[in-house]
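Fold and geometry: a report
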Amino acid sequence: MLSIFWSYIKKHPYIYGITTLFALLSSALAVVPNYLIQQFIDSMVNQNLTNENLFFYLGIFLAAIVLIYLVDITWVVLLFSQSYRYQNSLRSQLYRRLLQLRTPFYERFRSGDLMTRMTSDIEFLGDTIGYGFMLIVSNITWALSILIIMILTISWKVTLLSVLPLLFFAWFVFKLWKKVDVLYEANRDAVATLSNEVLEVVDGVRVMRAYGKKELEQQQFKKRTSQVLEKANQLVLYNGAVGPIAKLFTGLSMALGLVYSAYLIGQGQMTVGELISFQIYLGMLSGSIWGLSDIVLVYQQGNVSFRKVEEILEADDLVETSGNQPLTGIESISFQDYSFQYPTSDTPTIEKINLEIKQGETLGIVGPTGSGKTTLIRQLLRQYPVNPTGGLAINDQPIQQYHIADLEKLIGYVPQEHILFSKNVAYNIRFGKTQATEQEIHDVVAFADFTKDLNRMTRGLDTLIGEKGVSISGGQKQRIAIARGLIREPELLILDDSLSAVDAKTEQVIIQNIQDIRQGQTTIIITHRLSAVAKAHKVIVMDQGKIAEYGTPEALLAQKGWYYEQHLKQQLEENQHENI
Ligand code: ADP
């Protein structure tokens, strides 16, 4: 962490240079008032204090205080605004990284943990480079200037003797260093787990209520908060130990100084004014040693946060680096003996897939839940590392050779779990094509069979949806997501069970629209309802990671396998539904 901070400090030489210079100036000026008190007392004791002297001392005293105030305020403002700038740039850097990382990374880190890293960890780092820097510079310069003035204007012998207990205190604080690091990390992790819990509760509060799990959740939450409390208490115990021990050593130091000073006064080697100002200096010195002990805590907090932030900056999403071959169109996609295993899994999820999709074709993918349908299309989206031994090619070249961004531009993906933003309908659809005109939006709204729903919304395309807006049904969400996918007019459109919440008739209307407007373009439809793929060029039936049946819908019916049985079952259900 220190080397990173140091390189940041070197990048802003003026800010940190002026800050250090002003801190030095402030420390040098800080001893002036006390020195004046010493002169003032000695003049009183020696009975040579005149009015002129008094006003002279007072004038310098006041000027020094005003100057210290101005100097302090300048360097503290400079330092802290730089600390906020540091937080800002780090947060942007982290955000950029989060946007680059892909699925395997998000499976390793939980949302609450990531949020803690983006917020409080960055704040702690800002504190370390701001408040921590201030503690180091001001306390070191302060301690040095007090020591120098004590040695020069009072006595080096008394200074040495009184400083000894403070050195012991410094040694004790450094012993605590390692322990505090571990405690901070445990405390921070407990807070991150708690944040995650809160996120999940907020997301799933309706389900919890519906299942009557409120009490259970409350108990679990109580358990988590008491874990945070326990960790915080341990930390407080250590932090709390520093204060009383500091007082003990400071008291010892003052007592030693007092006894030895009294002896020196008896010997005529020290004045009363010197004794009083020596005690004030000691008080100031122990204040700065106190401040230095605070550095240990700020440093440890910063160090733990630094590790957490660095983990993201250096995280690998396990997806191979993008190739550099440009990709402008998808003429063919072919899987040859392709198998894939999730990084966290022991066995392949899809096995020996042989499949060819030509430009302009519509491919239907059906099969039982968990048979590997989504896993198969995830390979095209490059969400996971591609299996290099099995062949997955686009235009007869391995997919890894292409630039990932080029590939992404050509694909429109409408996932199972529709992700809409808490903005208006137009924003959510335009997300697929920023420059889309209002007419284009209305067109895709019509293709997604959403026009009637939109007309019922009082503010039409400007209607806010999501957390702060109107609640919309799952089927409406899915249709907005489809409109978003369509507006891009992608070379390859993938619908991943994205019409599961709309009724069969609406689904058929939408699928028909898609087929009409996407003539000559490639479409992959994953679905549970076979009617959605009845007009597809080819359909595959997945079963336990393998292609169990493959052919045109008519050929599959003729095969009388899973597709045929499922077809009969669904037709029966539909007929029953119509008869009700
Ligand atoms: P389908 O789309 O046919 O319902 P999936 O492709 O989603 O099936 O899942 C196939 C299998 O892979 C399931 O057993 C599922 O548990 C497993 N699986 C899905 N996603 C992951 C993942 N990210 N890590 C490990 N296993 C996964």
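You'll find the protein entered in an unreviewed UniProt entry as ABC transporter ATP-binding protein, with Enterococcus alcedinis given as the organism. Per UniProt, the comment on the protein under Subcellular location (unreviewed entry) is "Cell membrane".

As for the layout of surface pockets
Taken as a whole, the second largest pocket encloses approximately 380 Å³ of empty space. In this structure, the second largest pocket is lined by 17 residues; those nearest its centre are Leu-2, Gly-132, Ile-136, Ile-295 and Tyr-299. Among the elements that take part in the lining of the second largest pocket, helix α5 (residues 111-153) stands out by supplying six residues, more than any other. Taken together, the residues of the lining of the second largest pocket break down into 15 nonpolar, two polar and no charged.

Section: the site of the ligand
In the vicinity of the ligand lie 14 residues, with Glu-107, Gly-370, Lys-373, Thr-374 and Thr-375 positioned nearest. Separating an oxygen atom of the ligand from a backbone N or O atom of Gly-370 is a distance of 2.8 Å. In the complex, the protein chains occlude 66% of the 560 Å² of accessible area that the ligand would expose alone. Residue composition of the shell around the ligand, grouped by class: three nonpolar, eight polar and three charged.

What to know about the packing of aromatic side chains
Tallied over the entire structure, the rule returns 16 aromatic pairs. For the ring pair Phe-105 and Tyr-106, a centre distance of 5.0 Å and an interplane angle of 90° mean the geometry is edge-to-face. On the accessibility criterion, Phe-105 (0% relative accessible area) is buried. Cluster of aromatic residues (ring-pair linked, three or more members): Phe-5, Tyr-8, Tyr-16, Tyr-86 and Phe-133. Lying across the ring of Tyr-427, Lys-423 places its NZ or CZ 4.6 Å from the centre. Above the ring of Tyr-564, the side-chain terminus of Lys-560 is found at 4.6 Å from the ring centroid.

Here's the deal with the pairing of strand β8 (residues 522-526)
Summarising burial for β8: five of the five residues are buried, a large majority. Residues of β8 alternate between two faces, with Thr-522, Ile-524 and Ile-526 on one and Thr-523 and Ile-525 on the opposite face, all of them buried. As paired elements, strand β3 (residues 362-366) and β8 share four bridges and run parallel to each other. Within the sheet, the bridge partner assigned to Gly-364 lies in β8 and is Ile-525. Alignment of strand β7 (residues 492-496) against β8, held across five bridges, turns out to be parallel. By the bridge assignment for β8, Asp-496 is matched with Ile-526. As for the winding sense of the linkage, the β-α-β connection from β7 through helix α15 (residues 504-517) to β8 is right-handed.

Procedures and definitions
- Residues numbered from 1 in each chain as written.
- Predicted model: local features only at pLDDT ≥ 70, side-chain atom pairs only at ≥ 80, totals over all residues.
- Heavy atoms only, no water.
- UniProt positions renumbered as here; feature names shortened; annotations may be inferred.
- 1 Å grid on protein atoms, 1.4 Å probe; cavity = no way out; pocket = protein on both sides within 12 Å on 5 of 7 lines; lining within 4 Å.
- Points joined across faces, edges and corners; volume = space filled by probe spheres on them.
- Helix = DSSP H or I, 4+ residues; strand = E, 2+ residues; numbered from the N terminus.
- Nonpolar A, V, L, I, M, F, W, Y, C, P; charged D, E, K, R; others polar.
- Near = heavy atom within 4 Å.
- Polar contact = N/O pair within 3.5 Å; in protein donor to acceptor, adjacent residues only side chain to side chain.
- Areas by Shrake-Rupley, 256 points an atom, 1.4 Å probe, with all protein chains shown as cover.
- Phe/Tyr/Trp six-rings, centres within 6.5 Å; stacked < 30°, edge-to-face > 60°.
- Buried < 20%, exposed > 50% of the residue type's maximum accessible area, 1.4 Å probe, protein only.
- Lys NZ or Arg CZ within 6 Å of the ring centre and 35° of its normal.
- Pairing = 2+ DSSP bridges.
- Right-handed = clockwise from strand over helix to strand, strands pointing away.

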